[in-house]
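# Commentary on secondary and tertiary structure
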Amino acid sequence: SKVYRVRQGVAIAGYGELHYTNYASETESGAPANRADAVDFLRAIVYVGYKFDDRILFNSEIEFEHGGEEVALEFAYLDYLLRPGVGVRAGLLLVPMGFINEVHEPPTFLGTTRPETERQILPSTWRENGLGVFGAAGPVAFRAYVVNGFRGSGFGPAGLRGGRQSGARALAEDLAAVARVDVSPALGVLVGGSAYLGNAGQGDTVAGRRVDARTFVAEAHAQVRARGWDVRALGAVATVDDAGDLNALRGVAPGSSASVGARLLGGYVQLGYDVLARAGTEHQLIPYVRYEALDTQARVPAGYAADPATDRRIWSLGVAWKPIPGVAVKADAELHRNDAGTGVDRFNLNVSYLF
């Protein structure tokens with residue numbers, strides 16, 4: 001964010017994106033898809049920060065989504081630099097997991113849409129109230145926070161996304177810890193991982209007993225951006241204890257396929273290459289391919305069924321054009337497959353900016 005690069009005072013920056021989706025008329029099994037094509041000014045963001053001095057700064061992101069229909073505070077925190085390379089952070093924090101949650105500006109990643117693994121298992125944009133430490137030493141960077149936990153009653157068969165509390169009157173009966181380490185052994189190379197652990201019951205009870213719903217999420221990631229190549233890989237796993245009790249809280253009867261997943265698995269690999277990398281121009285033209293597989297009901301509690309539609313595979317084939325680093329025009333075709341045969345292919349077009 002821009003506030004880290006100013007000497008003192010106010011900093012303003014932002015990003016936004018317009019997104020168009022054209023759906024196939026039929027599902028992969030030939031049934032009518034019944035999905036309407038849509039165009040959405042998905043988000044317009046304003047970053048506002050203030051650097052008080054060399055040790056203390058404030059940073060925030062205000063998000064206007066769907067043409068201004070929704071307004072949200074994406075993050076808002078204070079940093080205090082204890083010494084060079086180590087600081088303390090407190091406020092509404094982005095949970096430091098995966099590629100997308102902390103760096104989710106559309107011109108910074110390939111693909112017109114965020115990977116589903118980083119929407120449902122690492123539920124971007126995931127932010128919670130908390131405090132912690134951050135820093136770097138040589139090629140190693142780290143972040144470790146204590147935050148309010150998920151609200152497990154919001155989990156569903158599609159993943160953990162509904163359990164985010166997002167800083168709004170967040171229940172804090174259960175707290176969670178999250179930590180991340182990244183290593184950059186060479187310019188353009190990043191390898192790291194992160195883990196999250198905390199209960200998600202938030203004081204809810206079933207049959208007179210407290211629900212713990214301990215939730216564990218872990219991911220490992222690697223990236224290479226060098227000589228025109230843009231390569232990413234990420235794998236994630238999550239486990240949810242007391243998933244049956246969460247189903248009871250949600251009113252999901254035994255035998256239903258609408259169960260919370262007791263285990264969730266996902267991951268993707270992505271490859272892109274800038275064909276203009278050696279052309280001596282600022283323009284970038286990057287064909288790319290991404291393959292993703294995820295199953296948000298890889299395991300369900302005893303007495304419940306898994307919905308085969310939650311076991312998904314997605315191919316994305318596309319191209320991104322960047323006339324300058326802060327502007328991107330991306331187009332791709334997404335091929336959706338699942339074990340229920342209900343996947344719907346789509347064509348996406350995205351125009352985005354970052355300043």
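Structure first, text after, so check above.
Residues numbered from 1 in each chain as written. Predicted model: local features only at pLDDT ≥ 70, side-chain atom pairs only at ≥ 80, totals over all residues. Heavy atoms only, no water.

## Re the side chain of N247
The condition is simple: Helix and strand definitions here come from DSSP, where helices need a minimum of 4 consecutive H or I residues and strands a minimum of 2 consecutive E residues; each element is numbered from the N-terminal end. Any residue under 20% of the maximum accessible area for its type is buried, any over 50% is exposed, and the rest in between are partly exposed; the area is computed with a 1.4 Å probe on protein chains only. Any two residues whose heavy atoms approach within 4.5 Å at even a single point are treated as in contact.
On the secondary structure map, N247 appears in helix 2 (residues 243-250). Among the residues examined, N247 registers a relative accessible area of 0% and is labelled buried. Other than its neighbours up to four places away in sequence, N247 contacts V252, A258, S259, V260, P301 and Y304.

## Details of a nonpolar patch on the surface
Threshold: Patch members must show over 30% relative accessible area and no salt bridge, and they are joined within 9 Å when carrying like charges or within 5 Å when they are nonpolar side chains of Val, Leu, Ile, Met, Phe, Trp or Tyr. Per-residue accessibility takes into account occlusion by the displayed protein chains alone, with areas from the Shrake-Rupley method and a 1.4 Å probe. Any carboxyl oxygen of Asp or Glu that lies within 4 Å of a side-chain nitrogen of Lys or Arg is treated as forming a salt bridge with it.
On the surface, V10, I12, V46, Y50, F52, I62, F64, V71, L73 and L78 cluster together to form a nonpolar patch covering roughly 840 Å² of accessible area. Of all the secondary structure elements, the ones that give two or more residues to the nonpolar patch are strand 1 (9-23), strand 2 (38-51), strand 3 (56-65) and strand 4 (70-83). Relative to the elements of secondary structure, L73 occurs in strand 4. L73 sits in the partly exposed class, given a relative accessible area of 40%.

## A few points about the nonpolar core
For clarity, the threshold we go by: Among buried residues, the Ala, Val, Leu, Ile, Met, Phe, Trp, Tyr and Cys ones that are joined through side-chain atoms within 4.5 Å form a nonpolar core.
By size, the foremost hydrophobic cluster in this structure holds 40 residues, and its most contacted members are M97, F155, L160 and Y196. If one sorts the elements of this core by residue count, strand 13 (residues 229-240) sits on top with four residues. Each residue touching Y196, except ones within four places of it in the same chain, is listed here: M97, W126, V147, G149, F150, A176, A177, V178, T215, F216 and V217.

## Some points on the packing of aromatic side chains
Just so we agree on the cut-off: In summary, the pairing rule links any two rings of Phe, Tyr or Trp, Trp by its six-membered ring, whose centres are within 6.5 Å, and it sorts them by plane angle into stacked for under 30 degrees, edge-to-face for over 60 and tilted for everything else. Geometrically, a charge over a ring is one whose NZ (Lys) or CZ (Arg) sits within 6 Å of the ring centre while staying within 35 degrees of the ring normal.
Applying the stated criterion across every chain yields a total of 11 aromatic pairs. For the pair W126 and Y196, a centre-to-centre distance of 5.0 Å together with 55° between the ring planes defines the contact as tilted. Highlighted residues: W126 in the loop between helix 1 (117-121) and strand 6 (127-137) and Y196 in strand 9 (residues 189-199), separated in sequence by 70 residues. Ring centres of W229 and Y273 lie 4.6 Å apart, and the angle between their planes is 45°; on these two criteria the pair is classed as tilted. With a gap of 44 residues between them, W229 in strand 13 and Y273 in strand 14 (residues 263-273) connect regions that are remote in the sequence. Given a relative accessible area of 42%, W229 falls into the partly exposed group. These aromatic residues form a ring-pair network of at least three members: Y15, Y47, F75 and Y77. The cationic tip of R232 hangs over the ring face of F99; the distance from NZ or CZ to the ring centre is 4.4 Å. Over the ring of F109 we find K330; its NZ or CZ atom is 4.5 Å from the centre of that ring.

## Considering the environment of V329
Looking at where V329 falls in the secondary structure, it is placed in strand 17 (residues 327-338). For V329, a relative accessible area of 28% gives the class partly exposed. A sequence separation of 22 residues divides V329 from V351, and the C-alpha atoms of the two residues are 4.6 Å apart. Apart from residues no more than four positions distant in its own chain, V329 is found in contact with V319, A320, W321, L349, N350 and V351.

## Considerations on the pairing of strand 4
Stated formally: For two strands to be treated as a pair, DSSP must find no fewer than two bridges joining them.
Here 10 bridges tie strand 3 to strand 4, and the two strands are oriented antiparallel to one another. Opposite L57, over in strand 4, you have D79 as the bridge partner. Where strand 3 folds back on strand 4, the antiparallel hairpin that results is connected by four residues, among which H66 adopts a positive phi of roughly 55°. Counting the residues between successive antiparallel strands, the hairpin from strand 4 to strand 5 (residues 86-94) contains two residues, one of them, G85, with a positive phi of roughly 95°.

## Section: the pattern of salt bridges
Counting across every chain of the model gives 18 salt bridges. Close ionic contact of E74 with R127 constitutes a salt bridge, the shortest N to O distance being 3.9 Å. Taken together, the residues E74 in strand 4 and R127 in strand 6 connect sequence positions 53 residues apart. According to the relative accessible area criterion, E74 is buried, its value standing at 0%. The exposure class of R127 is buried, given its relative accessible area of 9%. Between R143 and D182 there is a salt bridge, with the nearest N and O atoms lying 3.7 Å from each other. Residue R143 is found in strand 7 (residues 140-148), and its partner D182 is found in strand 8 (residues 175-183); the two are separated by 39 residues along the sequence.

## What about the side chain of H336?
Applied cut-off: Side-chain atoms alone can form a polar contact between residues adjacent in sequence; in general such a contact is a pair of N or O atoms within 3.5 Å, and within protein one must be able to donate a hydrogen while the other accepts it.
Mapping H336 onto the fold places it in strand 17. Its relative accessible area of 8% is what places H336 among the buried residues. A polar contact is formed between the side chain of H336 and the side chain of E334, at a distance of 2.8 Å. A polar atom in the side chain of H336 sits 3.4 Å from the side chain of R346. If sequence neighbours within four positions are ignored, H336 has contacts with E28, R312, R313, I314, G343, V344, D345 and R346.

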